[in-house]
Amino acid sequence: MTVSFVPLESWHFDAIELQDAQRDLRPMLNLADYRRDLLRRSVAFTAIDDGVIAIAGLATAWPGRDVAWSLLSNCGSFRFLAIHRAVQVFLDDRPTRRIEMTVDVSHDSARRWARLLGFQEEGLMQAYTPDGRDAILYARVRHERG
């Protein structure tokens, strides 16, 4: 099978089996208000291959600043390469001046992925997660040429 990409729908949140490093996000994803707000503020897509394997999007904080987010399953390297390429194109095509993302400080593969996507580390955010873990802030900044 090949990975296909479709616009995000609410039921995709229920269908994804989150990777171990993101399983603690499930309670938030089950909150109707959180899910509704994420859907309302985001441009997002879902990767499907024999089920939902990834969801990724950009939530607009204000004009010129988006916040990138993703939910991944244990999808395997072949599928992940397709997801990586789709996310890279998605980010490159976005005209936003600043795109930021946060990554749990202990999630080494997500930190590597952030750098592969062109994000630069900006700093440590102490006690950032709902349960008090630290996170790293990353950003991709498109500088105006003048």
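As the structure is a prediction and not an experimental result, all values here were calculated from the model.

## So, the overall build of the chain
Right, so step 1: Helix and strand counts for the chain come out as 5 helices and 7 strands.
Right, so step 2: Along its sequence from the N terminus, the chain presents helices and strands in the succession β-α-α-α-β-β-β-α-β-α-β-β.
Right, so step 3: Taking 146 residues into account, the globule formula puts the C-alpha radius of gyration at 15 Å, and the chain, at 15 Å, falls close to it.
Right, so step 4: By principal-axis analysis of the C-alpha atoms, the chain measures approximately 45 × 35 × 30 Å.
Right, so step 5: Expressed as a percentage of the 146 residues in the chain, the buried residues total 42%.
Right, so step 6: Taking as baseline every contact in the chain between residues at least 6 positions apart, the subset at least 24 positions apart corresponds to 62%.
Right, so step 7: Summing over all exposed atoms, the chain offers an accessible surface of approximately 8600 Å²; the carbon and sulfur share of this is 54%.
Right, so step 8: Averaged over its 19 positive side-chain charges, the chain has a centre that lies 4 Å from the centre of its 20 negative ones.

## Notes on the packing of aromatic side chains
The description of an aromatic ring pair uses the distance of the two centres, along with the angle that the planes make with each other.
Right, so step 1: Counted under the stated rule, the structure contains 4 aromatic pairs.
Right, so step 2: Aromatic side chains phenylalanine 5 and phenylalanine 45 sit 5.6 Å apart centroid to centroid with 75 degrees between the ring planes, which places their arrangement in the edge-to-face category. You can see phenylalanine 5 sitting in strand E1 (residues 4–7) and its partner phenylalanine 45 sitting in strand E2 (residues 42–48), a full 40 residues away along the chain.
Right, so step 3: In this structure phenylalanine 45 comes out as buried when scored by relative accessible area, which is 12%.
Right, so step 4: Every member of this aromatic cluster is reached through a ring pair, and the members are Phe5, Phe45 and Phe90.
Right, so step 5: Directly above the aromatic system of phenylalanine 119 lies the positively charged group of arginine 140, at a separation of 6.0 Å from the ring centroid.

## Description of the confidence of the model for the chain
Right, so step 1: Model confidence for the chain is summarised by a mean pLDDT of 92, while 98% of its residues fall at 70 or above.
Right, so step 2: Confidence scores differ between elements of the chain, with helix H2 (residues 26–29) showing the lowest mean pLDDT of 88 and strand E6 (residues 120–125) the highest of 98.

## Remarks on the sheet that holds E6
Right, so step 1: Within the open sheet, the 7 strands sit side by side as E1-E2-E3-E4-E5-E7-E6. Their pairing is mixed. Strand pairing shows two members of the sheet lacking a second neighbour, E1 and E6, which therefore form its edges. In this sheet, adjacent strand axes meet at a mean angle of 25 degrees when their direction is disregarded.
Right, so step 2: Helix H3 (residues 32–41) contacts E2, strand E3 (52–62) and strand E4 (65–72) of the sheet and is inclined by roughly 105 degrees relative to E2.

## Regarding the pairing of E2
Right, so step 1: A large share of E2 lies buried, amounting to 5 of its 7 residues.
Right, so step 2: Sheet topology places E1 next to E2; 4 bridges connect them, and they run antiparallel. Within E2, the residue paired with proline 7 across the bridge is phenylalanine 45.
Right, so step 3: Of the pairings in the sheet, the one linking E2 to E3 comprises 7 bridges and is antiparallel in character. Residue pairing for E3: alanine 44 is matched across the bridge by glycine 57.
Right, so step 4: Linking two consecutive strands that pair antiparallel, namely E2 and E3, is a turn of 3 residues; a positive phi of about 60 degrees is found at aspartate 50 within it.

## What to know about the environment of arginine 97
Right, so step 1: Within the secondary structure layout, arginine 97 lies in the loop between helix H4 (77–93) and strand E5 (98–104).
Right, so step 2: The class for arginine 97 is partly exposed, based on a relative accessible area of 43%.
Right, so step 3: Contact partners of arginine 97, with chain neighbours within four places excluded, come to Pro63, Gly64, Arg140, Val141 and Arg142.

Rules used in this analysis
Residues numbered from 1 in each chain as written. Predicted model: local features only at pLDDT ≥ 70, side-chain atom pairs only at ≥ 80, totals over all residues. Heavy atoms only, no water. Helix = DSSP H or I, 4+ residues; strand = E, 2+ residues; numbered from the N terminus. Rg over C-alpha atoms; globule rule 2.2 N^0.38 Å. Buried < 20%, exposed > 50% of the residue type's maximum accessible area, 1.4 Å probe, protein only. Contact = heavy atoms within 4.5 Å. Areas by Shrake-Rupley, 256 points an atom, 1.4 Å probe, with all protein chains shown as cover. Lys, Arg positive; Asp, Glu negative; His and termini not counted. Charge placed at Lys NZ, Arg CZ, Asp CG, Glu CD. Phe/Tyr/Trp six-rings, centres within 6.5 Å; stacked < 30°, edge-to-face > 60°. Lys NZ or Arg CZ within 6 Å of the ring centre and 35° of its normal. pLDDT = per-residue confidence, 0-100. Pairing = 2+ DSSP bridges. Axes fitted to C-alpha atoms, helices over the stretch in contact; angles between N-to-C directions.

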